[in-house]
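So you can see what is in the structure, the chains are spelled out below.
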Amino acid sequence: MSNETTATTERRGQAPRGERIADWADGRLGIYSLAKANMRKIFPDHWSFMLGEVALYSFIIIILTGVYLTLFFHPSMAEVTYHGSYVPMHGIKMTQAFESTLNISFDVRGGLLIRQIHHWAALVFLAAMMVHMMRVFFTGAFRKPREVNWLFGFLLFVLGMFTGFTGYSLPDDLLSGTGVRFIEGVILAMPLVGSYLQMFIFGGEFPGHDIIPRFFTVHVLLLPGIMLGLLVAHLILVFYHKHTQFPGAGKTNNNVVGMPLLPVYMAKAGGFFFLVFGVISVIAAVASINPVWAIGPYRPDQVSTGAQPDWYMGFAEGLVRVMPGWEWNFWGHTINFGVLIPILVFPLVLVAIAVYPFIESWVRGDKREHHILDRPRNVPTRTGFGVAWLVAYFVMLIGGGNDLWATHFHLSINSITWFVRIAFFVGPVLAFIATKRICLGLQRRDKDKVLHGRESGIIKRLPHGEFIEVHEPLNQEQLHVLTQHEQPEPLELGPEVDENGVRRKFKRSQKLRAKLSKGYYGEDNVIPKPTVEEYKEITSGHGHH
Amino acid sequence: MKKLSARRRHPLAALVVLLFALAVTGGLYAAFAPADKAQADDTAQSLAIKEGKKLFAVGCASCHGTGGQGTSDGPSLVGVGAAAVDFQVGTGRMPAQQPGAQVPRKRNIYSNAQIDQLAAYVASLGPGPSVPDKSQYSAAGADVAKGGELFRTNCAQCHNFTGKGGALTNGKYAPTLEGVDPKHIYEAMQTGPQNMPSFGDGTLSPQNKKDIVAYLGAVNGDKTASPGGMELGGLGPVTEGLFGYIFGLGACVAVAIWVAARTTKAKKS
Amino acid sequence: MSETEENLPSERDVAHEGAVGKADNPFADPGLPAHEHRIQDIDERAAKRSERTVAMLFLVSMLATVAFIASYVAIPIDKIVYIFPIGHVSGLNFALGLTLGVALFCIGAGAVHWARTLMSDEEVADERHPIEATPDVKAKVLADFAQGAKESQFGRRKLIRNTMFGALALVPLSGVVLLRDLGPLPEKKLRTTGWKKGIRLVNQSTNLPLRPEDIAVGSLTFAKPEGLEESDEDFANKIAKDALMLVRIQPQNIKDKQELAWSHEGIVAYSKICTHVGCPISLYEQQTHHVLCPCHQSTFDLSDGGRVIFGPAGHALPQLHITVKDGFLEAVSDFAEPVGPSFWERG
């Protein structure tokens with residue numbers, strides 16, 4: 001290192017070309033100061049920290065392939081008669097949007113591949129965002145100072161859903177057209193303004209000639225533009241906050257342990273982009289997605305069974321499918337609750353998880369920065385809530401695919417619908433209770449491990465014939481990891497009477513908070529972690545077994 | 001005489017006599033026993049009806065009644081026509097095995113000749129659609145694209161875009177059309193088996209039906225190509241989403257585990 | 001409840017737990033473990049092997065790109081090949097996807113292998129700094145802000161402030177007004193369809209006017225109004241409201257009186273557009289007379305006035321009053337109510 005520095009000093013006056021370019025850029029962009037802070041930035045290694053990267057890279061793949069597709073796609077609803085290469089569609093009337101999608105698939109070499117990469121990457125993008133979000137949730141990575149970044153991520157997920165939906169609608173095939181028709185019904189169901197909004201958005205009656213071009217603008221310009229901005233902000237904040245890390249030897253709340261951006265993460269993260277791109281390309285080579293030629297062009301009087309949106313909208317689809325058909329008529333007006341309620345519950349469920357960090361920090365009264373991740377078992381209430389949310393989500397996914405469940409498992413579609421209606425309410429409660437129990441069980445096991453060591457699997461027979469399993473003591477890192485979490489007392493309201501003998505008044509919110517705080521730290525929700533004294537007493541006494 | 005008597009004692013003589021006697025008896029029976037009816041209509045058709053009636057009495061009458069008039073267990077077959085029998089028995093749906101939301105397709109237990117006999121008998125109960133002949137459902141002269149449009153208007157709502165099947169109410173379902181004989185598809189449209197509505201010639205002309213059958217042959221046949229790769233059941237976004245999660249995200253996660261894993265350390269010595 | 005949150009340990013406690021009483025505390029953070037060498041760090045032959053592996057991966061990537069270009073040039077776009085176990089697929093799509101995938105994957109694998117085996121794997125700890133500003137910085141910023149605000153005289157000159165708010169509040173209205181021409185007003189558009197008195201029912205499939213005898217009991221027929229052709233400019237808009245399904249039910253099986261009155265000898269005509277969100281509902285079960293929507297499973301009973309018996313739809317399917325004239329089926333009037341999904345003004 002020092003040799004190199006002297007070498008550069010000696011070479012002064014005839015700096016190498018790269019350095020001269022860097023100097024030029026530094027004089028205008030200040031890149032040296034930027035690099036000083038970031039070039040050797042430390043990133044911790046863990047596979048689950050790369051889920052966000054999968055999302056990022058699939059987003060880039062989507063943009064690259066999307067630009068290619070715009071070169072051939074015609075977002076027009078003008079009617080044409082097909083005369084292209086796909087014989088079973090000859091002479092069929094369709095919109096230019098559908099025709100150009102067929103052309104991309106059958107007449108542009110490699111067009112089908114790019115279409116499939118684009119669509120597969122979209123599914124992986126949303127899936128990766130969801131799983132990434134769950135990783136952040138269950139490890140408590142959303143805590144201060146990262147709440148804003150959590151919201152950015154959440155917004156990216158929601159916008160991703162709508163970008164995906166508008167993209168899915170563009171080919172104007174029979175499946176996606178049915179989805180657009182559903183959107184029309186949703187807009188019409190809006191009280192007061194529904195029919196006006198419908199006319200404005202569709203440029204007249206359904207389907208009209210405007211919706212595909214308008215969706216196109218939203219899909220390729222408006223939403224990706226916003227997402228790109230959010231994405232950059234998300235990444236800047238990741239850099240600025242520095243990454244969280246799991247507890248471990250040498251890992252504290254005040255440091256970050258890992259390897260430097262240059263060179264290790266440059267190679268690993270850069271390489272990972274190619275790996276993700278490669279995986280998705282191979283999937284696009286072997287698995288068909290959205291074969292619009294088999295689906296046919298959209299016509300408002302045609303439909304196919306199995307009419308579903310892509311998976312990320314399946315949850316909304318489920319809500320709509322299992323909603324009972326309620327409708328109010330009063331004073332010449334109609335409210336279509338069969339549509340309206342699911343459409344209101346849909347954002348509510350999403351918002352429930354989005355605002356959770358703020359609720360938790362309020363309940364726990366925690367205003368400190370957290371950079372060490374929680375082990376999910378150590379926060380049973382949060383973990384229980386997260387699992388309950390996932391159960392509600394997946395129950396609705398079942399609801400969204402109830403027809404396929406019915407045919408593939410020989411069930412009645414009506415029974416599945418009823419099951420989903422009940423499970424949506426009961427399932428999360430059961431999941432919450434069960435998860436909490438499991439977490440507490442795991443905490444108990446951790447405690448046993450700390451005090452009595454790890455089960456080694458070696459069975460020993462004692463001289464008097466008794467069989468015992470040999471327990472191996474944990475090393476100090478393991479002991480540290482299993483005991484480093486906090487277990488504070490729950491918040492108390494304090495005495496009901498203050499020092500002057502006056503009855504204190506508590507706000508309702510204070511009472512609620514104290515009650516909820518018990519849910520996090522109360523006796524029933526925590527297995528007290530072993531103390532040093534307990535440990536010493538056991539280890540110093542007799543041999544461990 | 002001597003020769004004759006000598007042969008009479010031949011060991012095989014008894015056998016010859018026996019065979020002769022049997023042949024004569026059988027011939028006499030064939031000539032005289034059914035004589036009363038044979039004189040009325042001695043065509044092959046009537047023979048088929050008669051044989052069909054016997055088969056019907058054994059395999060069908062317990063549910064559909066001895067005269068096909070229907071019972072509480074099975075509908076009347078008067079007027080359903082030969083096409084309905086050929087479809088129901090030919091696809092193994094009839095005779096039904098057990099009660100349920102719907103009678104499933106299964107292995108057919110009758111020979112073609114027996115099915116024809118049964119069909120002839122049921123057709124004799126009342127006028128109905130007859131079994132189509134090959135020219136009606138062969139792909140020759142059919143417009144596949146038009147068939148596709150007709151399929152999407154009339155059939156896809158239950159059977160899916162390319163005939164992969166779909167769910168109906170309370171456990172009923174529209175079966176997959178994969179590997180179904182074109183003749184049976186044609187007959188199903190003609191007769192409307194179980195809960196499927198019928199598409200008589202007033203609803204779908206014979207040419208319409210021919211086009212639909214040809215379309216199915218093109219998009220759901222043995223050799224049908226799926227240019228993009230594995231079809232994933234041809235069921236749309238649900239299976240695609242599942243595949244994307246398991247193999248798309250799954251593969252990315254597997255790779256991530258490798259990327260983030262610690263490199264093997266040199267053994268301490 | 002105090003704002004100091006006395007139930008939680010302070011940040012510094014957590015941070016220093018390791019340092020305090022390390023000797024006595026078996027649970028204390030042992031600190032970063034000493035770096036262990038990989039085989040590549042100590043054995044140059046192993047390092048060479050790694051180098052060769054990385055180079056090999058990059059080489060494979062190059063070859064795959066060449067193969068990609070070769071496939072692009074050589075394989076006809078309509079060539080279908082059988083590939084086990086995938087099936088009959090486009091040879092071009094398969095070859096391009098696979099070669100592209102390999103080309104990309106190998107670059108990534110090479111880079112990662114390089115990073116994992118040859119680049120330094122020494123774990124480094126970086127200090128974190130609190131995100132919050134120090135009190136000095138905060139005080140400086142607040143003072144700057146106060147000075148700037150004062151110099152602007154924003155607080156003092158209320159007239160300026162209020163008119164500025166007014167102008168800023170009004171100016172976006174121009175943008176809203178500009179959206180007016182996105183589409184027409186609804187007026188009666190959602191209430192009327194192409195059906196009216198004397199319009200014949202034309203079979204969608206055969207394009208012929210329908211006679212009662214065309215429609216057998218248990219059959220299902222789709223109809224459109226006479227005069228509406230697929231080649232029409234606004235066919236999609238029209239058929240989105242006019243699509244009709246015709247079934248024939250034995251008159252004694254029709255439970256609803258009005259349905260019977262609006263039918264012709266058991267032939268009933270219902271809108272094909274679901275009243276939930278407008279999917280073309282048509283999964284007709286001829287034995288139960290139920291019709292199911294494939295989108296959200298709303299189920300209607302066509303023998304009972306199109307009543308909803310299951311699912312999210314809020315009202316019955318509209319029935320078209322039909323009759324027979326000169327041997328052909330025709331409409332008696334338009335639908336008595338709007339077809340398709342509900343809307344606020346529907347009533």
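Because the structure is predicted, anything quoted here is derived from the model rather than measured. Along each chain, residue indices are assigned from 1 in the same order as the chain's sequence is written. A letter from A marks each chain and a number from 1 marks each ligand, given out in the order of writing. Thresholds applied to this predicted model are a pLDDT of at least 70 for local features of residues and 80 or more for the giving and counting of side-chain atom pairs; totals over whole chains, interfaces and linings are not thresholded and use all residues. Excluding hydrogens and water, the side-chain values take into account all heavy atoms of the structure.

Some thoughts on the domain arrangement of chain B
Residue and element names in this part refer to chain B.
- Where a domain begins and ends is set by an automatic assignment or by a domain database. Domain assignment breaks chain B into domain 1 (44–125) and domain 2 (134–220).
- In this structure, domain 1 and domain 2 have C-alpha centres spaced 22 Å apart.
- Contacts are residue-level and defined by heavy atoms, with any inter-residue pair within 4.5 Å sufficient. Listed per partner, the contact involves 14 residues of domain 1 and 16 residues of domain 2.
- Between domain 1 and domain 2, the buried area comes to about 1200 Å², and carbon and sulfur atoms account for 50% of it.
- As used here, buried area is the combined drop in accessible area, with a 1.4 Å probe, of two parts when they are placed together. If you sort the residues of domain 1 by the area they bury against domain 2, F87, Q102 and R105 come out on top, with a joint share of 44%.

Let's talk about a positive patch on the surface
- Surface patches are drawn from residues lacking salt bridges whose relative accessible area is over 30%; two like charges belong together within 9 Å, two nonpolar side chains (Val, Leu, Ile, Met, Phe, Trp, Tyr) within 5 Å. All accessible areas in this document rest on Shrake-Rupley with a 1.4 Å probe, and a residue is counted as covered only by the protein chains that are shown. Salt bridges are identified by distance alone: a Lys or Arg side-chain nitrogen within 4 Å of an Asp or Glu carboxyl oxygen. In this count, Lys and Arg are taken as positive residues and Asp and Glu as negative ones, while His and the chain termini are left out. To locate a charge, the coordinates of NZ of Lys, CZ of Arg, CG of Asp or CD of Glu are taken. A contiguous patch of positive charge, built from R508, K511, K515 and K518 of chain A, is present on the exposed surface.
- Within the secondary structure layout, R508 of chain A lies in helix 20 (residues 508–521). In this text, helices come from DSSP runs of H or I with a minimum length of four residues, and strands from runs of E with a minimum of two, each type numbered from the N-terminal end.

Brief notes about the pattern of salt bridges
- Summed over the entire model, instances satisfying the criterion amount to 37 salt bridges over all chains.
- Across the pair D374 of chain A and R143 of chain A runs a salt bridge whose closest N-O atoms are separated by 3.2 Å. Of this pair, D374 of chain A sits in the loop between helix 15 (356–364) and helix 16 (380–400) while R143 of chain A sits in the loop between helix 6 (111–138) and helix 7 (147–169), and the two are 231 residues apart along the sequence.
- A salt bridge links R299 of chain A to E230 of chain C; the nearest nitrogen and oxygen atoms lie 3.7 Å apart. Linking R299 of chain A in the loop between helix 12 (292–295) and helix 13 (314–322) with E230 of chain C in the loop between strand 5 (220–225) and helix 8 (235–242), this pair reaches from one chain into another.

Examining the state of the cysteines
- Any pair of cysteine sulfurs within 2.5 Å is marked as a disulfide. Tallied over the full model, the rule gives 1 disulfide over all chains.
- In this model, C279 of chain C is linked to C295 of chain C through a disulfide, with the two sulfur atoms separated by 2.1 Å. Judged by the sign of its S-S torsion, about -100 degrees, the bond between C279 of chain C and C295 of chain C is left-handed. Residue C279 of chain C is located in the loop between strand 7 (267–271) and strand 8 (283–285), and its partner C295 of chain C is located in the loop between strand 9 (290–292) and strand 10 (299–301); the two are separated by 16 residues in the primary sequence.
- With no disulfide partner, C60 of chain B has as its closest neighbouring cysteine sulfur the one in C63 of chain B, 8.8 Å distant.

Things to note about the sheet that holds strand 3 (residues 124–127) of chain C
- Across the sheet, which stays open at both edges, the 3 strands sit in the order 1(A)-4(A)-3(C) with antiparallel pairing between neighbours. Among the strands making up the open sheet, the edge pair consists of strand 1 (42–43) of chain A together with strand 3 of chain C.
- Following DSSP output, two strands are said to pair if at least two bridges run between them. Pairing of strand 1 of chain A with strand 4 (residues 255–260) of chain A, which is carried by 2 bridges, proceeds in the antiparallel orientation. Bridging from a neighbouring strand, F43 of chain A pairs with M259 of chain A of strand 4 of chain A.

Focus: the interface of chain C and chain A
- At the junction of the two partners, chain C supplies 101 residues and chain A supplies 136 residues.
- Contact between chain C and chain A buries roughly 9900 Å² in total, counting both sides, with carbon and sulfur atoms accounting for 61%.
- Taken together, the connections running from chain C to chain A amount to 3 salt bridges.
- Ionic pairing is found between K241 of chain C and E205 of chain A, a salt bridge with its closest N-O pair at 2.6 Å.
- Polar contacts, as used here, are pairs of N or O atoms within 3.5 Å; protein pairs need one atom able to donate a hydrogen and one able to accept it. Residues neighboring in sequence count only if both atoms are side-chain atoms. Seen at the junction of chain C and chain A, the total is 34 residue pairs in polar contact (both at pLDDT 80 or more).
- The set of elements that each furnish at least two residues to the side of chain C that touches chain A consists of helix 1 (11–16), helix 3 (44–74), helix 4 (91–117), strand 3 and helix 8 of chain C.
- For the side of chain C that touches chain A, the element with the highest residue contribution is helix 4 of chain C, accounting for 17 residues.

As for unusual backbone geometry
- Between K144 of chain A and the following residue, P145 of chain A, the backbone shows a cis peptide bond with an omega angle of 10 degrees.
- Within the element layout of this structure, P145 of chain A appears in the loop between helix 6 and helix 7.
- Across the junction of F84 of chain C and P85 of chain C, the peptide omega takes the value 0 degrees, indicating a cis bond.
- Looking at the element boundaries, P85 of chain C is found in the loop between strand 1 (80–83) and strand 2 (87–90).
- A positive phi is found at N290 of chain A, a non-glycine position, where the angle reads about 45 degrees.
- With respect to the helices and strands, N290 of chain A occurs in the loop between helix 11 (261–286) and helix 12.
- For N290 of chain A, a relative accessible area of 5% gives the class buried.
- The backbone of E187 of chain C sits at a positive phi, close to 40 degrees, despite the residue not being glycine.
- In this structure, E187 of chain C sits in the loop between helix 7 (172–178) and strand 4 (201–203).
- Look at E187 of chain C and you get exposed, because its relative accessible area is 63%. The buried label goes to any residue with under 20% of its type's maximum accessible area, the exposed label to any with over 50%, and the partly exposed label to all in between, with areas taken from a 1.4 Å probe on protein chains only.

A short note on the interface of chain B and chain A
- Contacts between the two partners involve 49 residues from chain B and, on the opposite side, 63 residues from chain A.
- Around 4400 Å² of area is buried between chain B and chain A when both sides are counted, 71% of it from carbon and sulfur atoms.
- Together, R152, F161 and Y245 of chain B form the three largest contributors to the area buried by chain B at its contact with chain A, with a combined 16%.
- Run the count over chain B and chain A and you get 1 salt bridge.
- Two residues, R299 of chain A and E149 of chain B, come together in a salt bridge whose shortest N-O distance is 2.9 Å.
- The tally of links between chain B and chain A comes to 13 residue pairs in polar contact (both at pLDDT 80 or more).
- Sort the elements by how many residues they give to the side of chain B that touches chain A and helix 13 (residues 237–260) of chain B lands first, with 19 residues.
- For this classification, the nonpolar set comprises Ala, Val, Leu, Ile, Met, Phe, Trp, Tyr, Cys and Pro, the charged set comprises Asp, Glu, Lys and Arg, and every other residue, Gly included, is treated as polar. Here the residues of the side of chain B that touches chain A are counted per class, giving 29 nonpolar, 16 polar and 4 charged.

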